[in-house]
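Observations on the three-dimensional arrangement
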Amino acid sequence: MSPRFSLEGWDDGDQRLRRKKIRPQARRKLSDLTADESGEVADDVIRRLLNLGHISELVSELKSGKEATTYLARSEKGSVLVKIYRDLSARSFKNDGIYRAGQVITDQRAARAMANRTRKGLEMLQFDWVMAEYAHLWQLWQAGLSVPEPLVGPNVKTYAGTVPAVLMRLIGTEDEPAPRLSEVRLTSCEAQQAWQQAVQGMADMLRLGYVHGDYSTYNLLWWQGSVVIIDFPQLSTRQNPNFDLLLRRDAQSLSSSFRRHGVQWTGEQTLREVRRRAQGAGPEPRLCLP
Ligand SMILES: Nc1ncnc2c1ncn2[C@@H]1O[C@H](COP(=O)(O)OP(=O)(O)OP(=O)(O)O)[C@@H](O)[C@H]1O
Ligand SMILES: [Mg+2]
């Protein structure tokens, strides 16, 4: 059974949030991914994306995060952010239980393989995790939220073909990708705008029945006065028994991470405001033609 989540280690008041640091591993350099001496593309994921026509060129490595490495690429649709999830061997999935709680896996053999972390089980977990990010991205994009446009899909079979990569529109430009709110300096007026948008974004997700699960300035981009929410594999629904705890944790993370911008809301105040706004009207949905 998946472990229940506890709020241990999370402050409810004004102190900084404590969180375990996870060191990035298995970072893949651009040189490992692109042409080798024979002129062939060395990395099979990139080669597949090129062959399928989802990208025409890989430009640079953007960032190596705890879950995945992100790259900048080009396609006929414009600049693409390619998020490639880590190799299975570098990813433990040991913290996934809190997000996966409440999920029903009808195939008992698959459930056993995942629980026992066999090679096959890990592959299934990886596949689900990446597919979840696409599915959530599409849901939120179609509902009109401020998230990057997914660039493959919405047909599930189509985006399944890019796993372990997720392709979305690059926020910002090739020369200047959008920074995260955790790494910019804002005027007090900008900080207020960013805060309002971030709270609204969380409320918009709640109205749809979602909690982000890792909501803080580390997963909010800031571009031309707008907040864009990223990083969705762990999004949970009310089916998850940890839903309310995750919501509370997100409110706490959001308010704590905004302190450096001079915004002084407690987690509790933030949660109340998010719940209040979730009762109100949401954004205009986007019509996505296949
Ligand atoms: N659509 C996008 N446009 C521009 N930059 C992006 C986009 N998506 C992700 N990034 C950049 O890539 C980084 C990693 O992406 P993401 O947060 O989805 O993955 P992660 O593995 O969880 O990384 P982290 O551990 O940094 O949170 C982000 O912090 C951001 O800087
Ligand atoms: Mg992230």
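Residues numbered from 1 in each chain as written. Chains lettered and ligands numbered in written order. Predicted model: local features only at pLDDT ≥ 70, side-chain atom pairs only at ≥ 80, totals over all residues.

Selection rule: UniProt positions are given in the numbering used here, feature names are shortened, and annotations may be inferred rather than shown by experiment.
As recorded in an unreviewed UniProt entry, the protein goes by non-specific serine/threonine protein kinase and comes from Deinococcus radiophilus. Reading the Sequence similarities (unreviewed entry) entry of the UniProt record for the protein gives the comment "Belongs to the protein kinase superfamily. RIO-type Ser/Thr kinase family."

1. Points about the overall build of the protein
For clarity, the cut-off: Helix numbers and strand numbers start at the N terminus; a helix is a DSSP run of H or I with at least 4 residues, a strand a run of E with at least 2. Burial in this document is a count-based property: other C-beta atoms within 10 Å of a residue's C-beta are tallied, and the residue is buried at 20 or more, exposed at 12 or fewer, or partly exposed in between, with C-beta positions derived from the backbone. Each residue is represented by a C-beta atom placed from its backbone, and any two residues with such atoms within 7 Å are regarded as in contact.
Check the secondary structure of the protein and you find 9 helices and 8 strands. Split into buried and exposed, the 290 residues of the protein put 37% on the buried side. The contacts in the protein between residues at least 6 apart in sequence include a share of 63% that link residues at least 24 apart.

2. Focus on the site of ligand 1
To keep things clear, this is the line we draw: Placing a C-beta atom from the backbone of each residue, we mark the residue near a molecule or strand if the atom is within 6 Å of it. For the domain bounds, the source is a domain assignment made automatically or taken from a database.
Neighbouring ligand 1 are 22 residues; Gly-65, Lys-66, Glu-67, Pro-148 and Asp-231 lie closest to it. Taken together, the elements giving at least two residues each to the shell around ligand 1 come down to β1 (57-64), β2 (68-75) and β3 (78-85). Mapped onto the domain boundaries, the shell around ligand 1 takes at least three residues apiece from domain 1 (30-87 + 124-169) and domain 2 (181-278).

3. Observations concerning unusual backbone geometry
Looking along the chain, the bond that leaves Gly-153 and enters Pro-154 is cis, with omega of 10°. Of the consecutive residues Val-163 and Pro-164, the connecting peptide bond is found in the cis state with omega at 10°. The residue Gln-224 is not glycine, and still its phi comes out positive at about 50°. Mapped onto the elements, Gln-224 comes out in the loop between β6 (220-223) and β7 (226-229). Assessed through the 7 C-beta atoms surrounding it within 10 Å, Gln-224 is described here as exposed. Residues other than glycine seldom take positive phi values, yet Asp-231 does so here, at roughly 70°. For Asp-231, a count of 23 C-beta atoms within 10 Å corresponds to the buried category.

4. Some details on the sheet that holds β1
For clarity, the threshold we go by: DSSP calls a pair of strands paired once it identifies at least 2 bridges connecting them. To get an axis, a line is fitted to the C-alpha atoms, and for a helix only the part in contact is used. The angle between two axes follows their N-to-C directions and goes from 0 to 180 degrees.
Read across the sheet, 4 strands follow the order β1-β2-β3-β4 without closing on themselves; strand pairing throughout is antiparallel. Both edges of this open sheet fall to β1 and β4 (165-169), since each of them pairs with a single strand only. Pairs of neighbouring strands in the sheet enclose a mean axial angle of 25°, with direction left out of account. Pairing geometry for β3 and β4, over 5 bridges, is antiparallel. Within β4, the position partnered with Leu-81 by the bridge is Met-168. Its contacts with the sheet put helix α5 (residues 119-142) on β3 and β4, and the angle it makes with β4 is roughly 15°.

5. Some words on the packing of helix α4 (residues 108-115) against α5
Note the threshold: Convention used here: angles under 35 degrees read as roughly parallel, angles over 145 as roughly antiparallel, angles from 65 to 115 as roughly perpendicular, and any remaining angle as oblique. When residue character is reported, Ala, Val, Leu, Ile, Met, Phe, Trp, Tyr, Cys and Pro are called nonpolar, Asp, Glu, Lys and Arg charged, and the others, Gly included, polar.
Packing of α4 against α5 leaves a shortest axis separation of 7 Å and a crossing angle of 100°. Between α4 and α5, the angle falls in the class roughly perpendicular. Taken together, the residues of α5 that come into contact with α4 (itself represented by Ala-110, Ala-113 and Met-114) are Lys-120, Gly-121, Met-124 and Leu-125. In terms of residue class, the contact of α4 with α5 is built from 5 nonpolar, 1 polar and 1 charged.

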